[in-house]
Amino acid sequence: MKSEKRFNHMLEGPVGSTLLRLALPMMMGIISVMLINIVDTFYIGQLGVRELAAISFAFPVISTLMSLVFGVGIGTSAVLSRAIGEGHLVRVRQLTTHSLLLIALGMVFISLLGIITLNPLFRAMGAEDDLIPLIHEYMFIWYLGLGLVAIPIVGNSAIRASGDSKTPSLVMMMAAIINAVLDPLLIFGLGPFPQMGIQGAAVATVISYCCALMAGLWVLGRKKDMLDLSFPSPKKIWESWKHVLYIGLPAGLTSMLAPVSTAVLTRMVSDYGEDAVAAFGVGIRLESLATIGMMAFSAILTPFIGQNLGAGNQQRIFMAMKYITRFSIIWGILACIILAAVAVPLATIFSESEHVQDLISSFLWILPISYGFYGMAMLAVSACNGLQKPIQATAINLMRLFLLILPLSWFGSWGWGLIGLFVGLSAGNMFSGTIAMFWVRKRMLPQIKAVQRYPVT
């Protein structure tokens, strides 16, 4: 690294404005990732119901694998930011390079396994024989390009660890634009492009992430000087992998719990009919947009705490936790007010059925009350990862989903029907957010005074 000034440090300046400056671009990056999925779904939906059903079967598999990738990204961000805070510049280069090598090799193995098990896996998931060829067309290309999709995600996490959240967001915005342009060209065969159907959507996604990969590597190598191009020592590679996976594996496995719990909740909702499932699906998607601010702060909180942990700036970590707690509450209140006000007209956009509209409105009147607390739980998990406490982060998610959310939702459904389920889900968010933030602020933060630093290598 040519100069430590290449890092946009999180170690100085007002805590609140620093966090806000980092979070705002992060929101745009998250929106860009969402747009890639939305645009794919929109164009594939124009091909027909069978193609849309094929993508629906592929989505949970993709989500599961991406959870592992994001977990490695979280581990990379946590250990890198701490090494940056400690000033171990050689160690930063090694960790960055070895993390990219880890995800590349891991995705090669998973890709081969996925291709081998492609047909039996989706048959086991309930896909009918007429859908298997369509699923194969999409997933075969997606598996081949999995490494190209995964590496830029981990690379962007490394860039964020340096204190730069703007560049990863710009990279993902570029990928979203490229994907949006290529989708109709490759799916429908416009102009000189071949008509590839559902396969074209997979090719467009892989190409867009390949462009993100090249941009990310250029930033890491030339702009940030965070890559080590010397011949790697197996011992040092293994040391780096242990540090990354210590946080990355629990984070990835924990991320998988969210789709599992959503599947269980959807099964509960299905007892009330297709209208209820449709309304719940709309509500969950709107929830991801309504909580985007907390998601952005969650993404940058881990490297912020990591850098300050490495530098021994405990007071800045305390101040950050106070700030993000207030932010989560304020964001939650604003989201609640806005969604309550627009619930009825918003519901009419998604369905012509009055019954579905009523259920969507009920969701938007009940669940947003708890979004501030949901954000607190999300941010507490990120804080644990930044503090190098992945087991505690996993414990918070397990507590939230399986000890509070699902039991309270079931109890509410048993006693008061679908509205009771919504109330139980909201109550689970409230209890889990309060407990998680109390646990982090009162039990974990006082323990960070004595920090074991990485050895200088």
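Details of the structure are given in the entry above.
S.K.: Give me the lowdown on the side chain of Ser-261, citing residues and values where you can.
M.R.: Relative to the elements of secondary structure, Ser-261 occurs in helix 9 (residues 234–270). Beyond its immediate sequence surroundings of up to four residues, Ser-261 is in contact with Leu-401 and Leu-406.

S.K.: Requested: an account of the packing of helix 6 (residues 146–161) against helix 8 (residues 198–223), with residues and values cited.
M.R.: Running from N to C, helix 6 and helix 8 cross one another at 35 degrees; their axes reach a closest spacing of 8 Å. Viewed along their axes, helix 6 and helix 8 form a crossing whose handedness is left-handed. For the pair helix 6 and helix 8, contact is made by Leu-148, Val-149, Ile-151, Pro-152, Ile-153, Gly-155, Ala-158 and Ile-159 and by Val-206, Tyr-209, Cys-210, Ala-212, Leu-213, Gly-216, Val-219 and Leu-220, respectively. The residue makeup of the contact of helix 6 with helix 8, split by class, is 14 nonpolar, two polar and no charged.

S.K.: Account for the pattern of salt bridges, with residues named and values stated.
M.R.: Considering all chains together, one arrives at six salt bridges under this definition. Between Glu-86 and Arg-82 there is a salt bridge, with its nearest N and O atoms 3.4 Å apart. With Glu-86 and Arg-82 both in helix 2 (residues 49–86) and four residues apart, the pair spans about one turn of that helix. One exposure class covers both Glu-86 and Arg-82, and it is buried.

S.K.: Pulling in residues and values, what's your account of empty space enclosed by the protein?
M.R.: Going through the model one piece at a time under the given rule, you end up with one cavity of 30 Å³ or more. Every residue lining the largest cavity is listed: Leu-100, Ile-151, Pro-152, Gly-155, Asn-156, Leu-213, Gly-216, Leu-217 and Leu-220. Secondary structure elements with two or more residues in the lining of the largest cavity: helix 6 and helix 8. Here the lining of the largest cavity is built from residues that sort into six nonpolar, three polar and no charged.

S.K.: Account for the nonpolar core, with residues named and values stated.
M.R.: In terms of nonpolar packing, the biggest core is built from 70 residues, with Tyr-138, Met-139 and Trp-142 touching the most fellow members. Ranked by residue count, the leading element in this core is helix 2, at 14 residues. Listed in part, the 39 residues of the second largest apolar core include Val-15, Met-34, Ala-296 and Met-376.

S.K.: Can you break down unusual backbone geometry residue by residue, with the values?
M.R.: With a phi close to 55 degrees, Asp-225 is a non-glycine residue in the positive phi region. Mapped onto the elements of the fold, Asp-225 is located in the loop between helix 8 and helix 9. For Asp-225, a relative accessible area of 13% puts it in the buried group. A positive phi is found at Gln-388, a non-glycine position, where the angle reads about 65 degrees. When you line up the elements, Gln-388 lands in the loop between helix 14 (371–386) and helix 15 (390–444). Among the residues examined, Gln-388 registers a relative accessible area of 11% and is labelled buried.

S.K.: Give a detailed account of the packing of helix 1 (residues 15–45) against helix 2, specifying residues and quantitative values.
M.R.: Relative orientation of the contacting elements helix 1 and helix 2 amounts to 150 degrees, with a least axis distance of 8 Å. Here helix 1 is positioned roughly antiparallel relative to helix 2, judged by the angle of their axes. Along its contact with helix 1, which presents Thr-41, Ile-44 and Gly-45, the element helix 2 presents Glu-51, Leu-52 and Ile-55. Across the contact of helix 1 with helix 2, the residue classes tally to three nonpolar, two polar and one charged.

The rules we used
- Residues numbered from 1 in each chain as written.
- Predicted model: local features only at pLDDT ≥ 70, side-chain atom pairs only at ≥ 80, totals over all residues.
- Heavy atoms only, no water.
- Helix = DSSP H or I, 4+ residues; strand = E, 2+ residues; numbered from the N terminus.
- Contact = heavy atoms within 4.5 Å.
- Axes fitted to C-alpha atoms, helices over the stretch in contact; angles between N-to-C directions.
- Left-handed = near helix turned anticlockwise from the far one by under 90°.
- Nonpolar A, V, L, I, M, F, W, Y, C, P; charged D, E, K, R; others polar.
- Salt bridge = Lys/Arg side-chain N within 4 Å of Asp/Glu carboxyl O.
- Buried < 20%, exposed > 50% of the residue type's maximum accessible area, 1.4 Å probe, protein only.
- 1 Å grid on protein atoms, 1.4 Å probe; cavity = no way out; pocket = protein on both sides within 12 Å on 5 of 7 lines; lining within 4 Å.
- Points joined across faces, edges and corners; volume = space filled by probe spheres on them.
- Core = buried A, V, L, I, M, F, W, Y, C linked by side-chain atoms within 4.5 Å.
- Parallel < 35°, antiparallel > 145°, perpendicular 65-115°, else oblique.

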